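Chain residues, written in single-letter form:
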Amino acid sequence: MSDLAYNKTERHEDLPPPASEVGVFGWLRHNFFSTWYNSIGTLVVLYLFYLMVPATLDWVLFSAVWDATSNQDCRFEGAGACWGFIDARLNLFWYGFYDIENYWRPSLVGLMLLVFAVPVLFEKIPAKLVGGVTGVFGLGWAVWAFGGLGQVASLNLPVTIGLLAFIGLITAGVFLRSPRSVCAIAIVGVFPWVSVSLLYGPVNVESLQSGLGIAVYAILFLAGGGFGYWSSKRLDALGAFLGYLVAYFVAVIVFLSWGFGLTIQPTNTFGGLMLTLVLATVAIGVSLPLGIILALGRRADNMPAVQMLCIGFIELVRAVPLITILFMAQFMLPLFLPEGVNFDNVVRALVGVSLFASAYMAEVVRGGLQAIPKGQFEAAESLGLNYFLKMRLIVLPQALKIVIPGIVSTFIGLFKDTSLVSIIGLMDLLLIAKSSVTDSKWLGLEHEAYFFIALVYFVFCFGMSRYSIYLEGKLHTGHKR
Amino acid sequence: MAEAAETQTAEPAKMQISDEVAIQINGMHKWYGDFHVLKDINLTVYRGERIVVCGPSGSGKSTMIRCINRLEEHQRGSIVVDDIELTNDLKNIDAVRMEVGMVFQHFNLFPHLTVLDNCTLAPIWVRKVPKKEAEEAAMTYLERVKIPEQAHKFPGQLSGGQQQRVAIARSLCMNPRIMLFDEPTSALDPEMISEVLDTMIDLAESGMTMICVTHEMGFARKVANRVIFMDGGEIIEQNEPEAFFNNPQNDRTKLFLSQILNH
Ligand SMILES: Nc1ncnc2c1ncn2[C@@H]1O[C@H](COP(=O)(O)OP(=O)(O)OP(=O)(O)O)[C@@H](O)[C@H]1O
Ligand SMILES: [Mg+2]
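Note on numbering: residues in each chain are counted from 1, in written sequence order. As a convention, the first chain written is A and the first ligand written is 1, with the rest following in written order. Local features are withheld for residues below a pLDDT of 70 in this predicted model, meaning they are given only at 70 or higher, and side-chain atom pairs are given and counted only at 80 or more; totals for whole chains, interfaces and linings count all residues. Side-chain figures throughout are based on the complete set of non-hydrogen atoms in the structure, without hydrogens or water.

*Asks:* Requested: an account of the pattern of salt bridges, with residues and values cited.
*Replies:* Side chains that carry opposite charge are capable of pairing whenever their charged atoms lie near each other. Residues and elements named next belong to chain A. Salt bridge, as used here: a side-chain nitrogen of Lys or Arg that lies within 4 Å of a carboxyl oxygen of Asp or Glu. One pass over the structure, following the stated rule, counts 21 salt bridges over all chains. For Glu381, the salt bridge is made with Lys390, and the minimal N-O distance between the two is 2.8 Å. The exposure class assigned to Glu381 is buried, which follows from its relative accessible area of 17%. In the salt-bridge network here, residues are joined through shared partners; they are Arg298, Glu315, Arg318, Glu363 and Arg366. Note on exposure labels: buried denotes an accessible area under 20% of the residue type's maximum, exposed denotes more than 50%, and partly exposed covers the range between, all computed with a 1.4 Å probe on protein chains only.

Below, the structure written as structure tokens:
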């Protein structure tokens, strides 16, 4: 037999791993003390922890003062954080200068957003749960509003009936149909307008004051709806879309001018976390679709005019600091607008922040579009898909998936950038914190105020970051190549 | 793959070729910038024909068949597919693409969709077929390409040969009257080539009008009723497979055949 020949007939048995690799000690050894420099690193980090963690915990928790009526209560030897101050000012931090009797309005908006967003964001949440939560919440709220608990002065009967009908409709919709699509439609098509009505109140629509105006709106509504219906009968998707869109916007305008019949809550009373969330939500909601449109426009090689417009917008906005854009929206926008047209301060900030975020979003999305191989476009075209179908069904789902981390980074940056609106005098969370420590009763509590709002920002931003990781994992299923 | 083709009882001559014109290309030219890729292409394809296009790399084979469904635009001459002339009119282009299926060298399946969704997407959105009907049809085609059991997997979980068969099924789901193949087997390992070729032979026997860019000469002999040789952007020679392989006329054809057959 030659020395090279080798033939193994029996199989090797499976042995347990060596003891040094298993259990807590094995794991510790393997990860923290595998080499001498790794061990030194571990010890240094442990020492730093020892220096920082007990002191921090002591300040934040053990020696903290939870009840206080003024800063005097927190001025004793060894006192930690004065959380009594935050507690006393909590309403201000959450709602700014919003009327106390109207606090239920932003709270309702927030809850509504949760109810709609949860099934859209998390696929696994079952339909009945969402429907049940909405129903229970609506019922509980009705009891609260009419029972001894609340007796909210601003809630009159028609308002309550309108809101209850709305909640009932959503509950029914969620129960009867696929909750994800109902919620997605509600978030895009209903939630924005209901929120405006709840947060602000009826919007003054001049053209609806006269009989002529009402007639024009009625005609537009009927014409749009009729045309949409007629087009859909003829399988003309674009016509149906445009027709129904006109009818929809007429309905929205009429609804906004009714605004559940609530009292008007001026926007200069908006503040605190509520204002921060309004700014961030609107900017996120606008910047993603607008960013996608801008990115597609920028890549539309066969339409140079559109392409130039998009490039111009993106480059211009990106080259200017957000503060400048906010100032311009504040002081220069009125110069360009016709006499008499006047935008609310909050609306101006919303426009500024949204446009700014859109420009960044456009570039993030463009990165994703560039990563899609040409073959995907060709395969879609060869199957007869037109531009919109190709983008919507083939290209964007893949491109957006690739850039989820970039999109979420932009969202997080945007969320924090909303604090810049304090420059133009809006009382966002940061400015509220800053001004509340100048109160003579609560002087010298900057640490508490800033620690607290840092925590609030952290909760939201970290939440977004975790969600992005969840989403990446979910969308990753199966397509490895 | 030669064996695979042999086992089939394909008799090219007996497969039906009607005298109805499926594709008519007249004096077609194309440029990429200054580069003249296609020069005076004239080609008439009758319904039921199975044409194999071959030629050296860079000779313009892909470009020519991609002009037929307007993935590339031609600048001079005319292309008429199923009596629809390809112009800048988007309506015509969409109409032609609904009649013409295409299979690519790199499959180009949609990686974010399951095999079944890959197949039903275009029928549902372009032909407006109800979802259930589209899925049933897709399953029949997946059975025809012999992978119904993979319907709920993602393309990334399949082998190359399986992916290419899905790509063929995906095209067939649109009920095209003409199929274009651009080197469908050249990205595959040898043992997968025969499964894809079998599928194509099966398709040819069903009477589909096909234009295949391929260097699988066994396939060409068995299935094609006409072989076209291209070089430098021109159609240099065309003939029935037997005559084309045994008795090439043009020197460039002879050189090309000697290169691909003797290695
Ligand atoms: N988008 C393009 N821009 C410029 N030149 C191109 C482009 N696509 C192809 N070409 C050139 O056109 C010529 C023909 O290309 P084509 O892809 O049609 O060749 P082919 O015959 O299919 O070759 P292969 O066998 O390698 O696929 C080649 O010289 C190629 O470099
Ligand atoms: Mg090619």
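Now, onward.
*Asks:* Outline the domain arrangement of chain A, listing residues and values.
*Replies:* Segment limits for the domains were obtained from an automatic or database-derived domain assignment. By the assigned domains, chain A splits into domain 1 (3-62), domain 2 (68-98 + 271-481) and domain 3 (104-264). Centre-to-centre, using C-alpha coordinates, domain 1 of chain A lies 41 Å away from domain 2 of chain A.

*Asks:* Give a description of the interface of chain A and chain B that names residues and reports values.
*Replies:* By definition, residues are in contact when any of their heavy atoms lie within 4.5 Å. Taken together, the contact pairs 23 residues of chain A with 25 residues of chain B. Here's the idea: put two parts together, see how much 1.4 Å probe accessible area each one loses, and the total over both is what we call buried area. When chain A packs against chain B, close to 2200 Å² is buried across both sides, 62% of that on carbon and sulfur atoms. Arg97(B) serves as the salt-bridge partner of Glu381(A), at 3.9 Å between the closest nitrogen and oxygen. Tallying contributions element by element places helix H15 (residues 374-382) of chain A first for the side of chain A that touches chain B, with eight residues. Runs of E in the DSSP output that reach at least two residues are strands. Runs of H or I that reach at least four are helices, and both are numbered from the N terminus.

*Asks:* I'd like a description of the sheet that holds strand E4 (residues 76-81) of chain B, backed by residues and values.
*Replies:* All names here are of chain B. A pair of strands is treated as paired once DSSP finds two or more bridges between them. Strand order in the open sheet made by the four strands is E2-E1-E4-E5, with antiparallel pairing throughout. The sheet is open, and its two borders are formed by strand E2 (35-46) and strand E5 (84-85), each paired with just one other strand. Taken together, the eight bridges between strand E1 (residues 21-32) and E2 define a ladder with antiparallel strand orientation. Across the sheet, the residue bridging to Lys30 is Leu38, located in E2.

*Asks:* Describe the packing of helix H11 (residues 272-298) of chain A against helix H14 (residues 345-370) of chain A, listing the residues and the values that go with them.
*Replies:* Packed helix pairs are specified by the crossing angle of their axes together with the interaxial distance, meaning the distance between the axes. Residues and elements named next belong to chain A. For helices, the fitted axis covers only the stretch in contact; all axes are lines through C-alpha atoms, and the angles between them, taken along N-to-C directions, range from 0 to 180 degrees. For the pair H11 and H14, the least separation of the axes is 5 Å and the interaxial angle reads 40 degrees. Between H11 and H14, the angle is such that the two are oblique. Where H11 crosses over H14, the two elements pack in a sense that is right-handed. Oblique is the label for every angle not falling under 35 degrees (roughly parallel), over 145 degrees (roughly antiparallel), or within 65 to 115 degrees (roughly perpendicular). Note: crossing handedness is left-handed where the near helix turns anticlockwise from the far helix by less than a right angle, and right-handed where it turns clockwise.

*Asks:* An account of the packing of H11(A) against helix H17 (residues 404-417) of chain A is requested, with residue identities and associated values reported.
*Replies:* Residue and element names in this part refer to chain A. Look at H11 against H17: their axes get within 9 Å of each other, and the N-to-C directions meet at 150 degrees. As H11 packs across H17, the resulting crossing turns out to be right-handed. Each of Thr276, Leu277, Ala280, Ala283, Ile284, Ser287 and Leu288 in H11 lies in contact with H17, whose residues at this interface are Ile407, Phe411, Leu414 and Phe415. Think of it as three bins: nonpolar holds Ala, Val, Leu, Ile, Met, Phe, Trp, Tyr, Cys and Pro, charged holds Asp, Glu, Lys and Arg, and polar takes everything else, Gly as well. Here the contact of H11 with H17 is built from residues that sort into nine nonpolar, two polar and no charged.

*Asks:* So, the site of ligand 1: which residues are in play, and what are the values?
*Replies:* All names here are of chain B. Here, proximity means that at least one heavy atom of the residue falls within 4 Å of the molecule or strand. Near ligand 1 you find Tyr32, Phe35, Val37, Pro56, Ser57, Gly58, Ser59, Gly60, Lys61, Ser62, Thr63 and Glu183, and these make up its full shell. Between Ser62 and ligand 1, the recorded distance is 2.5 Å, taken from a side-chain N or O atom to an oxygen atom. Here Glu183 contributes a side-chain N or O atom positioned 3.1 Å from an oxygen atom of ligand 1. With three residues, helix H2 (residues 61-68) is the largest single contributor of residues to the shell around ligand 1. By the criterion applied in these results, polar contacts are pairs of N or O atoms within 3.5 Å in which, for protein atoms, one can donate a hydrogen and the other can accept it, and in which residues neighboring in sequence qualify only through two side-chain atoms.

*Asks:* Explain the pairing of strand E8 (residues 209-213) of chain B to me, and be specific about the residues and the numbers.
*Replies:* Residues and elements named next belong to chain B. Across the five residues of E8, five count as buried, placing the element largely inside the fold. Every second residue of E8 is oriented toward a common face, with Thr209, Ile211 and Val213 on one face and Met210 and Cys212 on the other, all of them buried. Of the strand pairs in this sheet, strand E3 (residues 50-54) and E8 are connected by four bridges, and their pairing is parallel. Note on E8: the bridge partner recorded for Val52 is Cys212. As paired elements, strand E7 (residues 178-182) and E8 share five bridges and run parallel to each other.

*Asks:* Now, about the side chain of Thr209(B): what can you tell me, with residues and values included?
*Replies:* All names here are of chain B. With respect to the helices, strands and loops of the structure, Thr209 is situated in strand E8. By relative accessible area, Thr209 is classed as buried at 1%. Residue contacts for Thr209: discarding those within four places in its chain leaves Ala22, Val45, Tyr46, Arg47, Gly48, Glu49, Arg177, Ile178 and Met179.

*Asks:* Describe empty space enclosed by the protein, listing the residues and the values that go with them.
*Replies:* Throughout, the protein atoms alone are placed on a 1 Å grid, and a set of points is a cavity if a 1.4 Å probe fits but cannot get out or a pocket if it is open with protein on both sides within 12 Å along at least five of seven lines; lining residues have an atom within 4 Å of a point. Grid points are joined across faces, edges and corners, and a volume is the space filled by probe spheres set on the points. Scanning the entire structure with this criterion turns up two cavities of 30 Å³ or more. Looking at the second largest cavity, its volume works out to about 30 Å³. In terms of lining residues, the second largest cavity is bounded by Ser382(A), Leu383(A), Arg97(B), Met98(B), Val100(B), Gly101(B), Ser171(B), Met174(B) and Pro176(B). Breaking the lining of the second largest cavity down by element, the ones donating at least two residues are helix H3 (90-99) and strand E6 (100-103) of chain B.

*Asks:* Give a detailed account of the sheet that holds E3(B), specifying residues and quantitative values.
*Replies:* Residues and elements named next belong to chain B. If you trace the six strands from one edge of the open sheet to the other, you get E6-E7-E8-E3-E9-E10, paired in mixed fashion. Each edge of the open sheet is held by one strand with a lone partner, namely E6 and strand E10 (234-239). Taking the axes of each pair of neighbouring strands and ignoring which way they run, one obtains an average angle of 20 degrees across the sheet. The strands touched by H2 are E3, E6, E7, E8, strand E9 (226-231) and E10; relative to E7, the strand with the most contacts, the crossing angle is about 155 degrees. In the packing of helix H7 (residues 190-205) onto the sheet, the strands contacted are E3, E7 and E8, and the crossing angle to E8 comes to about 150 degrees.

*Asks:* So what's going on with the state of the cysteines? Which residues, and what values?
*Replies:* Residues and elements named next belong to chain B. Defined by distance alone, a disulfide is two cysteine sulfur atoms within 2.5 Å. A full pass over the atoms with the stated rule returns one disulfide over all chains. This cysteine, Cys67, is not joined by any disulfide, and Cys212 carries the nearest cysteine sulfur, 18 Å off. Residue classification places Cys67 among the buried residues on the basis of a relative accessible area of 0%. Considering cysteine sulfurs only, Cys119 is the nearest to Cys173, which forms no disulfide, with 4.5 Å between them.

*Asks:* I'd like to hear about helix H13 (residues 322-336) of chain A, residue by residue, with values.
*Replies:* Working rule for helices: expected span equals 1.5 Å times residues minus one. Between its first and last C-alpha, H13(A) extends 19 Å over 15 residues, near the 21 Å set by a 1.5 Å rise per residue. Given a residue, its bend is the angle between the two axes fitted to the seven residues that end at it and to the seven that start from it. Helix geometry: H13(A) is bent most strongly at Ala329(A), by close to 40 degrees.

*Asks:* Summarise the nonpolar core; cite the residues concerned and give the values.
*Replies:* Formed by 132 residues in total, the largest nonpolar core has its most connected members in Leu198(A), Leu385(A), Ile23(B), Val81(B) and Ile211(B). Here this core gets eleven residues from one element, more than from any other, and that element is H14(A). When neighbours within four sequence positions are excluded, Ile211(B) is seen to be in contact with Ile23(B), Val45(B), Ile51(B), Val53(B), Ile65(B), Ile68(B), Met179(B), Leu180(B) and Phe181(B). Of all hydrophobic cores here, the second largest spans 47 residues; its members include Ile147(B), Ile168(B), Leu172(B) and Met217(B). Put simply, buried Ala, Val, Leu, Ile, Met, Phe, Trp, Tyr and Cys residues joined by side-chain atoms within 4.5 Å make one nonpolar core.

*Asks:* Residue-level account of the pairing of E10(B), with values.
*Replies:* All names here are of chain B. The pairing of E9 with E10 spans five bridges and is antiparallel. Across the sheet, the residue bridging to Met230 is Ile235, located in E10. Hairpin connection of E9 to E10: two residues between the antiparallel strands, including Gly232 at a positive phi of 55 degrees.

*Asks:* Tell me about unusual backbone geometry, residues and numbers included.
*Replies:* Both trends apply: most residues other than glycine have a negative phi, and most peptide bonds are in trans. Residue and element names in this part refer to chain B. Of note in the backbone geometry, Asp40 takes a positive phi value of approximately 45 degrees without being a glycine. Locating Asp40 in the fold gives a position in strand E2. Residue classification places Asp40 among the partly exposed residues on the basis of a relative accessible area of 45%. One non-glycine residue with positive phi stands out, namely Phe107, at about 65 degrees. With respect to the helices and strands, Phe107 occurs in the loop between E6 and helix H4 (115-125).

*Asks:* Outline the confidence of the model for chain B, listing residues and values.
*Replies:* Residues and elements named next belong to chain B. Chain-level statistics for chain B give a pLDDT mean of 90 and a share of 94% at 70 or above. Confidence scores here are pLDDT values: one per residue, from the predictor, ranging 0 to 100. Across residues 1-10 the pLDDT falls below 50, and counting only partners more than four positions away or on other chains, this stretch makes 16 contacts in the model. Quick note on the complex model: pTM equals 0.86, ipTM equals 0.91.

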